[in-house]
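Per-entry structural report
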Amino acid sequence: MTTAPPALDRRLGPVDAAAIVVSNVIGGGIFFTPILVARLVPSGPAVLAVWLAGGVLALAGAMAYAELAAVRPRSGGEYVYLRDAFGPLTGFLSGWTSFVAGFSGAIAAGAVVLAEYIGRFAPLAGDSTPLLTLPLPVIPLVVSPKSLVALAAIALITALHMRGLGPGRVLQNVLAGAKVAAILAFFAYAVGGGHGRLDDVVSGAPVTVGGVLLALVPVMFTYSGWNAAAYVAEEVRSPERNVPRALGIGTLAVILIYLGLNAVYLYAVPPAELGRLQGTLGLFRIPGERSQCGGRTLTQGGAGHGRRDPGGGCGALALGLQRITKLGEPCTKLHVGPCAMGVRIGVRRVERLRRQQHAGHRGRVSTRIDLLRRHFAKACQGAAGEVTCR
């Protein structure tokens, strides 16, 4: 009497597997990579074309994995494919690398970023003050409140998945749905309540072939994870049919979301200004372009509150700045130089000026614009030419 080989429980459908793709692809990258892309290709159409090209490449890879998953519907992803194609040693090396560095590193980085963002609301969670340091030979092991929060998040999710496929499936779908819902809410706000210029989406400066090729590198990094459904092929019902569907649906959904987000970014901030921004994401820092006012103290209220710009990049807080253009006569166009971009004008103040303009208070609007110009000149320590009305 022969016994059937052990097999996993096939309970995942195409939507479940597609949710895994969406969750694995959409991460923090889409919120800081566009800065790098806009810096390399300062043109709205070129930026969207680069993201579309990256999406096409990701979709091509997903379709290749779909064929492999249909032929080898086993869990493990490329480990299974490389093992069957080139032997057990190649498969082992691939799986060992993924276990030690690839997946574990990504999980650790994501947990640290989560702890950092939780620290925005609960400062103790993001505190990196060492509580205990173990002097290991190469890299010392530092235990801090931030690392404990990150470890707790990993342990919690691991415990839920250890309870079985059912709780893990529900958790995965809830997190993926919440992520997509938040992005759709952002879209709705941008379209319904946001203010921008459509010209910035369809126009821009000339680009080079080298810039486009370099921009594809961070774009493909942001698309990584399109093959996620292949790793659970043995837990998907009818994997020959549903795994290709999941890979295709998930990747196409990500492409649409990424194109939409970049269109919103360009609508709100012109490509040239978007490329000057700086920011941080947990372990990563994106420096802004250095300008003539690098490192000066910003004193204008609501912008720097007297704090020094840590990166020396005056494009750090430029969001909403371009929206001050065309507020009314006689200032039909507001020219903003690189130094003045270091000072953030609150969107509420801009909206208040717009409402005053529509109410017919053109003279008052012109006076407020003059005051803003003086604030910029003061913050930039006498750079009077930084903000001019044309």
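Above this text you will find the structure in question.
To start, this report covers the structure provided alongside it. (Residues numbered from 1 in each chain as written. Predicted model: local features only at pLDDT ≥ 70, side-chain atom pairs only at ≥ 80, totals over all residues. Heavy atoms only, no water.)

1. Considering the overall build of the protein chain
Rules: Runs of H or I in DSSP of at least four residues are treated as helices and runs of E of at least two as strands, each being numbered from the N terminus. When a residue's accessible area, from a 1.4 Å probe over protein chains only, is under 20% of the maximum for its type it is buried; when over 50% it is exposed; and in between it is partly exposed. Throughout, a residue-residue contact means that at least one pair of heavy atoms, one from each residue, lies within 4.5 Å. Throughout, the Shrake-Rupley method with a 1.4 Å probe supplies accessible areas, and for residues the shown protein chains are the sole cover considered.
The number of helices and strands found in the protein chain is 13 helices and 6 strands. When the 390 residues of the protein chain are sorted by exposure, 42% land in the buried category. Of all intrachain contacts in the protein chain linking residues separated by at least 6 positions in sequence, the fraction that spans at least 24 positions is 73%. Taken as a whole, the protein chain presents about 20,500 Å² of accessible surface, with 67% of it coming from carbon and sulfur.

2. Regarding helix α7 (residues 165-192)
Using the following cut-off: The span you would expect from a helix comes to 1.5 Å times its residue count less one.
Its 28 residues place the ends of α7 40 Å apart at the C-alpha level, agreeing with the 40 Å of an ideal helix rising 1.5 Å per residue. Those residues of α7 not exposed but buried are L165, G166, G168, L171, Q172, A176, I183, F187 and A190.

3. Concerning helix α6 (residues 145-162)
What counts, and what does not: Throughout, the arc means that of the directions going from the helix axis to the C-beta atoms.
Here α6 contains 18 residues, and its C-alpha end-to-end distance of 25 Å stays within 8% of the 26 Å for a straight helix at 1.5 Å per residue. The complete set of buried residues in α6 reads P145, K146, A150 and A153. Buried residues along α6 cover an arc of 150° about the axis, so they all sit on one side. Among the exposed residues of α6, those pointing more than 90 degrees away from its buried face are L151 and M162. The inward-facing, buried residues of α6 contact α5 (88-121). A positive backbone phi angle near 135° is found at G164, which sits one or two residues after α6.

4. Side note on the packing of aromatic side chains
To be explicit about the condition: Stacked, tilted and edge-to-face are the three classes assigned to paired rings of Phe, Tyr and Trp, where Trp is represented by its six-membered ring and a pair needs centres within 6.5 Å; plane angles under 30 degrees give stacked, over 60 edge-to-face, the rest tilted.
Under the definition given, this model contains 6 aromatic pairs. Note on Y65 and Y81: the rings are 5.7 Å apart at their centroids and 80° apart in plane angle, and the pair reads as edge-to-face. Taken together, the residues span a long stretch of sequence, with Y65 in helix α3 (residues 44-71) and Y81 in helix α4 (residues 78-86) at a distance of 16 residues. According to the relative accessible area criterion, Y65 is buried, its value standing at 14%. In this structure an aromatic cluster arises from ring pairing among W51, Y223 and Y258.

5. So, the packing of α7 against helix α10 (residues 239-268)
How we decide: Orientation is described by axes fitted as lines to C-alpha atoms, over the contacting stretch for helices, and by angles from 0 to 180 degrees between their N-to-C directions. Handedness of a crossing follows from how the near helix is turned relative to the far one, being left-handed for an anticlockwise turn of less than a right angle and right-handed for a clockwise one.
With their axes 11 Å apart at the nearest point, α7 and α10 run at an angle of 35° to one another. As α7 runs across α10, the sense of the crossing is left-handed. Contact residues: V180, I183, F186, F187 and A190 in α7; I257, G260, L261, V264, Y265 and Y267 in α10.

6. Some points on the nonpolar core
Threshold: Remark: nonpolar core denotes a set of buried residues (Ala, Val, Leu, Ile, Met, Phe, Trp, Tyr, Cys) joined through side-chain atoms within 4.5 Å.
With 54 residues, the main nonpolar core has V37, W51, Y223, L247, Y258 and L274 as its most contacted residues. Elements with a minimum of two residues in this core: α1 (14-25), α2 (29-40), α3, α4, α7, α9 (209-223) and α10. For this core, the element with the highest residue contribution is α10, accounting for 11 residues. Those residues in contact with L247 that sit more than four places away from it in its chain are V21, A62, M63, Y65, A66, W226, N227, A229 and A230.

7. Comments concerning the side chain of D16
Within the element layout of this structure, D16 appears in helix α1. With relative accessibility at 8%, the residue D16 sits in the buried group.

8. Things to note about the packing of α1 against α10
Rules: Here the word oblique covers every angle except those under 35 degrees (roughly parallel), over 145 (roughly antiparallel) and from 65 to 115 (roughly perpendicular). Throughout this entry, Asp, Glu, Lys and Arg are counted as charged residues, while Ala, Val, Leu, Ile, Met, Phe, Trp, Tyr, Cys and Pro are counted as nonpolar. The remaining residues, Gly among them, count as polar.
Between α1 and α10, whose axes approach to 8 Å, the crossing angle comes to 40°. Looking at the two axes, α1 sits oblique to α10. Like other packed secondary-structure pairs, α1 and α10 cross with a definite hand, here right-handed. Contact with α1, carried on its side by P14, A17, A18, V21, V22 and V25, involves N242, R245, A246, L247, I249, G250, T251, A253, V254 and Y258 of α10 and no other residues of that element. Residue composition of the contact of α1 with α10, by class: 12 nonpolar, 3 polar and 1 charged.

9. Observations concerning a nonpolar patch on the surface
Using the following cut-off: What makes a patch is a set of residues exposed beyond 30% relative accessible area and free of salt bridges, joined within 9 Å when like-charged and within 5 Å when nonpolar (Val, Leu, Ile, Met, Phe, Trp, Tyr). Salt bridges are counted wherever a side-chain nitrogen of Lys or Arg sits within 4 Å of a carboxyl oxygen of Asp or Glu.
There is a patch of nonpolar side chains on the surface, built from L131, L132, L134, L136, L141, L148 and L151 and spanning about 650 Å² of accessible area. Only β1 (132-134) and α6 provide two or more residues apiece to the nonpolar patch. Counting through the fold element by element, L148 comes out in helix α6. On the accessibility criterion, L148 (42% relative accessible area) is partly exposed.

10. Comments concerning unusual backbone geometry
Positive phi is not limited to glycine here, since S238 has a value of about 45°. Note on placement: S238 falls in the loop between α9 and α10.

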